[in-house]
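Okay, here's what each chain looks like letter by letter:
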Amino acid sequence: MKTPIIIALAARSLWARRYTALLTILSIATAVLLFLAVENLRQGARASFERTISGTDLIVGARSSPVNLVLYSVFQIGDPTNNITFETYEDISARPDVAWTVPISLGDTHRGYRVVGTTPEYFDRYKYAGDRDITFENGRSFDDLFDTVLGSQVARELGYDMDTTLTLSHGLGGTSFVNHDKKPFSVVGILESTGTPVDRSVYISIAAVEAIHVGWKDGTPTPASRAVSQDRLRALDLQPESITALLVGAKSRIQTLRLQRDFNTYAQEPLQAVIPGVALSQLWGTVSIVERALAIVSGFVVAVGLIGVLTSILTTLNERRREMAILRSVGARGRTIVGLLVSEAALIAFTGAVLGVVLLYALLWALSPYLESRFSISTVSKLPGITDAYVVLALTFIAAMLGVIPALIALKRSVSDGLSTRI
Amino acid sequence: MSTKPVLELYDVKFGYDLSETLIHIDELRIARGESVFLRGPSGSGKSTLLGLIGGVLHPREGHISICGTDITTLSSGKRDEMRADHLGIIFQQLNLLPYLSIIQNVTLPCRFSSTRADRANKKNVSVADTARDLIKDLGLDETFADRKVGNLSIGQQQRVAVARALIGGPDLIIADEPTSALDSDNRDRFIELLDTQRKRFDCSLLFVSHDLSLAKHFDRSVDLTTLNKVKMP
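All figures in this text were calculated on a predicted structure; none of them were measured in a lab. (Residues numbered from 1 in each chain as written. Chains lettered and ligands numbered in written order. Predicted model: local features only at pLDDT ≥ 70, side-chain atom pairs only at ≥ 80, totals over all residues.)

Visitor: Describe the overall build of chain A, with residues and values.
Guide: A tally of helices and strands in chain A yields 14 helices and 15 strands. Taken against the 2.2 N^0.38 rule, which gives 22 Å for 423 residues, the C-alpha radius of gyration of chain A at 32 Å runs more than 25% over that of a compact globule. The C-alpha extent of chain A, read off along each of the three principal axes, is 105 × 45 × 35 Å. Residues classed as buried in chain A amount to 43% of the 423 residues present. (Helix = DSSP H or I, 4+ residues; strand = E, 2+ residues; numbered from the N terminus. Rg over C-alpha atoms; globule rule 2.2 N^0.38 Å. Buried ≥ 20, exposed ≤ 12 C-beta atoms within 10 Å, placed from the backbone.)

This is the structure we're talking about:
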């Protein structure tokens, strides 16, 4: 026993009761695993969320709530309340303080994935995770009217490759009874995975959105519309009358607020302009209630684990009175008895917490490809960090503090029991 | 070497609360090297008296001196130190910590008392080597030293307990009914072995038992029912 006597005795005493100690250690490990997993996934989800769009100064759409505008224009969730006219788009694009604009036109889907009508400039201007560009895993941007570019998840999950032919459905719902089956598109590009809603989008040109709706009346196709061939459509001037939203880049960042005010008070039609970062924070504030609830639940699990440590020591106190009497007889001070039980609680908590951290990162390592592909959570840490160290230390400290309770009981009993082992 | 008695009790009164007195002893002295047989039936206060001598319990009145130091004036921590430095204690049975090896059990007092560790370390012999010698002297196979105590017979465990009590040469060995679990042959052999070894280390011995037939082995016999003025029902 070269190690300090208290730690050595605590470790050996625990080893002698290793099966019950192991169960307590496992309960702590599970609690820590759950607690840190929630924390890790929360951070990963938040980081993935916040990195969804960058480099865009303003998103402009028909007047609604900022959150709704971000949801349908960036996250491909929910429905736009209205469109904005193409003249407005041109008017905004022509402003001297606007560096660039990219139109977005929504309204169609392909097998549940939203179709985004836009211009090739979208792939140059849309940035995510700070300053990362959208890049092509295969192919190029659309050139022909019936070219399409697929997000990585769309291509992967539907098994599409270059030159695959696909048709679109009208409407933003998961199921549509109106298909553009006479106007097939050919896949000319597949994007690299971004961990953003881009992966779940099908991109076509804004003229193509107009083309597949030529001849439509009141939102439904007419017999004449079905008769229009793709070649004939290619020859038409397909400037749309309206678009759903537009991404705006200001010439100077400091002009963003003035631009936002100008667009929000636009006289020709009611507009809503949002700064993506601000809207994303608002949106996260809404959805983070669930994350906070999960954190609270996992916190309670940790508390239950710690109470388990306390219980496991308390329940053995009576059968360990002889052990305490022997220790007292060979000269163990009162503080040694207290230190022994406090050390046991700390050792259980420390071992459990370290095991929990190890299990967590083993799981994250194994599951990260799935988390990335299924939930776009690609920023979960793969190695333990300072937060994990703090959690391990905090748990060890709290367990040690809880260990003072059985320790004081044992000390009191060791005094009343004296040096007698007839207990 | 000090000629002071290793143990002196004067006018000691003890009770767990003020309304009761369980122990009232006018005087008890054990001289250096002396072996004393303390007889007392169950419930006569033997364990309480040992708690007082060991400094775990604190008397309401009176003085208890170990090697000339009045432990009633010391703090609880200092009394623990006195116990670690000057006393070796052998219990009735189940004396040993089952999760430690034989050698770890024997050397345990030296982990709590630097005085005893220093004494065990004399002549550049390590505490562990001293413990191995003791184990051998007490008739145990020293190759067992690193084994857990669980497989030893009760007699062997008691001899390990004697080795633990003797290591570092404490001034007083307190043996609390150490032979009650042994048959008569083993009991006599155990007492002879204990007496021989404690003389080697110049330790005094306070042997507590209810078995009057054992009194012949000791220098002096004291009856606790006479010594304690409080009469138990």
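Visitor: Account for the overall build of chain B, naming residues and giving values.
Guide: When you go through chain B residue by residue, the secondary structure sums to eight helices and nine strands. A compact globule built from 233 residues should have a C-alpha radius of gyration of about 17 Å, and chain B, at 17 Å, falls within 12% of that. If you line up chain B on its principal axes, its C-alpha atoms span 55 × 35 × 35 Å. The proportion of buried residues among the 233 residues of chain B is 48%. Within chain B, contacts between residues at least 6 apart in sequence are counted, and of these 76% link residues at least 24 apart. (Contact = placed C-beta atoms within 7 Å.)

Visitor: Can you break down the domain arrangement of chain A residue by residue, with the values?
Guide: What the domain assignment reports for chain A is domain 1 (5–49 + 288–417) and domain 2 (58–274). Measuring from the centre of the C-alpha atoms in domain 1 of chain A to the corresponding centre in domain 2 of chain A gives 52 Å. (Domains from an automatic or database assignment.)

Visitor: So, the interface of chain B and chain A: which residues are in play, and what are the values?
Guide: Every contact between the two is made by 28 residues of chain B and, on the other side, 22 residues of chain A. Going through the elements one at a time, helix H1 (46–53), helix H2 (76–86) and helix H3 (102–112) of chain B are the ones with two or more residues in the side of chain B that touches chain A. Each residue belonging to the side of chain B that touches chain A can be placed in one class, and the counts come to 14 nonpolar, ten polar and four charged. (Nonpolar A, V, L, I, M, F, W, Y, C, P; charged D, E, K, R; others polar.)

Visitor: Account for the pairing of strand S12 (residues 201–205) of chain A, naming residues and giving values.
Guide: Residue and element names in this part refer to chain A. Among the five residues that make up S12, five are buried, leaving the element largely enclosed by the rest of the structure. Neither face of S12 is exposed, since Ser 201, Tyr 203 and Ser 205 on one face and Val 202 and Ile 204 on the opposite face are all buried. Sheet topology places strand S4 (residues 113–118) next to S12; five bridges connect them, and they run parallel. When the bridges of S12 are listed, Arg 114 appears paired with Ser 201. Across two bridges, the pairing between strand S8 (residues 147–150) and S12 is antiparallel. (Pairing = 2+ DSSP bridges.)

Visitor: Summarise the nonpolar core; cite the residues concerned and give the values.
Guide: Burial of nonpolar side chains together is a common tendency in soluble globular proteins. With 112 residues, the main nonpolar core has Val 32, Ala 345, Ile 348, Ala 349 and Ala 399 of chain A together with Ala 163 of chain B as its most contacted residues. Of all the elements, helix H13 (residues 334–375) of chain A adds the most residues to this core, at 14 residues. Other than its neighbours up to four places away in sequence, Val 32 of chain A contacts Val 302, Gly 352, Ala 353, Gly 356, Val 357, Val 391 and Leu 395 of chain A. Ala 62, Phe 123, Ile 134 and Val 202 of chain A belong to the second-largest nonpolar core, a separate cluster that totals 58 residues. (Core = buried A, V, L, I, M, F, W, Y, C linked by C-beta atoms within 7 Å.)

Visitor: Provide a residue-level description of helix H7 (residues 184–200) of chain B, including the pertinent values.
Guide: Residues and elements named next belong to chain B. Here H7 spans 25 Å end to end across 17 residues, near enough to the 24 Å set by a 1.5 Å rise per residue. Three or more residues of H7 are buried, namely Arg 187, Phe 190, Ile 191, Leu 194 and Arg 198. Across the axial projection of H7, the buried residues extend over an arc of 100°, all falling on one side. Exposed side of H7, more than 90 degrees from the buried face: Asp 185, Glu 192, Thr 196, Lys 199 and Arg 200 are the residues found there. Structurally, H7 contributes buried residues whose contacts are with helix H6 (154–166), strand S7 (172–176) and strand S8 (204–209). Looking one or two places after H7, you find Asp 202, whose phi comes out positive at around 55°. (Expected span 1.5 Å × (residues − 1). Arc of directions from axis to C-beta.)

Visitor: Any details on the sheet that holds strand S2 (residues 23–30) of chain B? Residues and values, ideally.
Guide: All names here are of chain B. Read across the open sheet, the four strands follow the order S2-S1-S4-S5; overall the sheet is antiparallel. With partners counted over all chains shown, the strands left at the sheet margins are S2 and strand S5 (69–70), one partner each. Summarising the sheet, strand S1 (residues 7–14) and S2 pair through seven bridges and their orientation is antiparallel. Opposite Leu 7, over in S2, you have Ile 30 as the bridge partner. Along the sheet, H1 contacts S1, S2 and strand S4 (61–66); its crossing angle with S1, the most-contacted strand, is approximately 120°. (Axes fitted to C-alpha atoms, helices over the stretch in contact; angles between N-to-C directions.)

Visitor: Break down the packing of helix H11 (residues 276–316) of chain A against helix H14 (residues 386–417) of chain A for me, citing the residues and quoting the values.
Guide: Residue and element names in this part refer to chain A. Relative to each other, H11 and H14 sit at 30°, their axes nearing to 9 Å. Here H14 runs roughly parallel to H11, going by the angle between their axes. Relative to H14, H11 is oriented so that their crossing is right-handed. Every residue of H14 that contacts H11 at Leu 306, Val 309, Leu 310, Ile 313 and Leu 314 is listed here: Ile 398, Ala 399, Leu 402, Gly 403, Ile 405 and Pro 406. The residue inventory of the contact of H11 with H14, partitioned by class, reads ten nonpolar, one polar and no charged. (Parallel < 35°, antiparallel > 145°, perpendicular 65-115°, else oblique. Left-handed = near helix turned anticlockwise from the far one by under 90°.)

Visitor: Pulling in residues and values, what's your account of the sheet that holds strand S6 (residues 87–90) of chain B?
Guide: Residues and elements named next belong to chain B. If you trace the five strands from one edge of the open sheet to the other, you get S6-S7-S8-S3-S9, paired in parallel fashion. Edge positions in the sheet fall to S6 and strand S9 (220–223), since each of these pairs with one other strand and no more. Mean inter-strand twist for the sheet, computed between neighbouring axes without regard to direction, equals 20°. H6 contacts S6 and S7 of the sheet and is inclined by roughly 170° relative to S6.

Visitor: So what's going on with the environment of Pro 223 of chain A? Residues and values would help.
Guide: Residue and element names in this part refer to chain A. Mapped onto the elements of the fold, Pro 223 is located in helix H8 (residues 223–227). In this structure Pro 223 comes out as exposed when scored by C-beta crowding, with 7 C-beta atoms within 10 Å. Remark: the alpha-carbon pair of Pro 223 and Pro 96, spanning 127 residues in sequence, is separated by 45 Å.

Visitor: Describe in detail unusual backbone geometry, supporting the description with residues and values.
Guide: Residues other than glycine predominantly adopt negative phi, and peptide bonds predominantly adopt the trans conformation. All names here are of chain A. Non-glycine residue Gln 76 carries a positive phi angle of around 60°. Residue placement: Gln 76 occurs in the loop between helix H3 (66–73) and strand S2 (84–85). Gln 76 gets classed as partly exposed once you count the C-beta atoms within 10 Å, which come to 19. If you check the backbone angles, Asp 163 has positive phi at about 70° while not being a glycine. Examined against the element boundaries, Asp 163 turns out to sit in the loop between helix H6 (152–158) and strand S9 (165–166). A tally of 9 C-beta atoms within 10 Å means that Asp 163 is categorised as exposed.

Visitor: Lay out the pairing of S7 of chain B with the relevant residues and their values.
Guide: All names here are of chain B. Burial within S7 is extensive, with five of its five residues counted as buried. Of the two faces of S7, the one carrying Leu 172, Ile 174 and Asp 176 and the one carrying Ile 173 and Ala 175 are both buried. One ladder, built from four bridges, connects S6 with S7; its direction is parallel. Considered in S7, the bridge of Ile 90 is made with Ala 175. Bridge analysis of S7 against S8 gives five bridges, and the strand direction is parallel. In the strand pairing of S8, Leu 172 is matched with Ser 204. Traced from S7 through H7 to S8, the parallel crossover comes out right-handed. (Right-handed = clockwise from strand over helix to strand, strands pointing away.)

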